[in-house]
Each structure stands twice: as structure tokens, then as C-alpha cells.
Amino acid sequence: MTESPTQNLQPPRGEGGDQTVFKAGGLLAPLLEAGLDEDAREIVEFFLEAYLENFADIQDSLDKEDLESCASSAHSLIGSAGGIGAEGLADGLARLEKACRAGDLTAAGDAKVHLKAEQERVFPAIRQFLSQGAE
């Protein structure tokens, strides 16, 4: 069982090491408070799988310059990213959706680059959270 209902996880090293990039709280907090850590990890695992699948769709949509599909794929992940505590991903997805809805392919491409950088910061912290159950 975790000591607190929220877990602030930082990237292991490098830039951004002093900032929390994943706070396992929000929608996960009630599960963690109830000692249902494994259930919380399953939700985060499900999010990660859905995120990776949708990010592939985002890349494909941008390659095809299909901004409506890209916006839809980004939109479908915003709430769940924020809900598990990955606020940086949620913000990046919102930025991407906004650029796509505005029809700005250049801004959408820039937002995708920003989102990929955020993934590099957040995914290690998410994986750390997930691995806590394997101890």
C-alpha cells in the first residue's frame, strides 16, 4: 500500500528533474486511499496503452494532413491524461487539438514535437509508478 493517496514522480535525471511530471492523484486518489494500488496501476496501464495507440493515429493523421482526425484523437486523451495526473500531457494534447481545430498544420506539427518531448519526461515516471507493484 502507498503511504499517501498521491505520488509525485519526477524524471530520474536531466532537464525537468526538479518538476513533478506525474502526480498519481486525481481520479486515482480514491483507489490509492482505499489501498487499491493494483487497480490504480491497471488504470494507468490502460491509459498508457490507449495513449500510445492514439498517438500513432495522431502521427498518421498529421502525415496525411487530416487535422480533424488528429484533433479528435488528441481530444480523446485529454481528460484521461489529466485524470491520472499527467497534466503536461493533457496540456500538450489540448495545444495540439487547438492547433488542429484552427486548421494550422505548422502549429499542429510544433505541438506534436512538444508532446513528444513531454512524453520523454512523463513516461519514465509513469513506468516507475507501474513498476511499484512488481516489487
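Described below are features of the structure shown in this document. Here the structure is a predicted model, which means the values were calculated and not measured.

## Some remarks on unusual backbone geometry
- In this structure, E65 is a non-glycine residue whose phi angle is positive, near 60°.
- As for its position among the elements, E65 is in the loop between α2 (37-63) and α3 (67-84).

## Topic: the packing of aromatic side chains
- Across all of its chains, the model carries three aromatic pairs by this definition.
- Consider the rings of F47 and Y51, whose centres lie 5.8 Å apart with planes at 45°: the pair is tilted. With a gap of four residues between them, F47 and Y51 both fall in helix α2, about one helical turn apart. The exposure classification of F47 matches that of Y51, with both residues buried.
- According to the relative accessible area criterion, Y51 is buried, its value standing at 0%.
- A network of ring pairs unites the aromatic residues F47, Y51, F55 and F123 as a single cluster.

## Observations regarding the packing of helix α4 (residues 87-101) against helix α5 (residues 105-131)
- In the contact formed by α4 and α5, the axes pass within 9 Å of each other and the chain directions differ by 170°. Regarding the angle of α4 to α5, the classification is roughly antiparallel. Contacts from G88, L89, G92, L93, R95, L96, A99 and C100 of α4 reach α5 at A107, A108, D110, A111, K112, H114, L115, E118, Q119, V122 and F123.
- Residues that form the contact of α4 with α5 fall into these classes: eleven nonpolar, four polar and four charged.

Conventions and cut-offs
Residues numbered from 1 in each chain as written. Predicted model: local features only at pLDDT ≥ 70, side-chain atom pairs only at ≥ 80, totals over all residues. Heavy atoms only, no water. Helix = DSSP H or I, 4+ residues; strand = E, 2+ residues; numbered from the N terminus. Phe/Tyr/Trp six-rings, centres within 6.5 Å; stacked < 30°, edge-to-face > 60°. Buried < 20%, exposed > 50% of the residue type's maximum accessible area, 1.4 Å probe, protein only. Axes fitted to C-alpha atoms, helices over the stretch in contact; angles between N-to-C directions. Parallel < 35°, antiparallel > 145°, perpendicular 65-115°, else oblique. Contact = heavy atoms within 4.5 Å. Nonpolar A, V, L, I, M, F, W, Y, C, P; charged D, E, K, R; others polar.

Shape is all these values report; function is a separate question.
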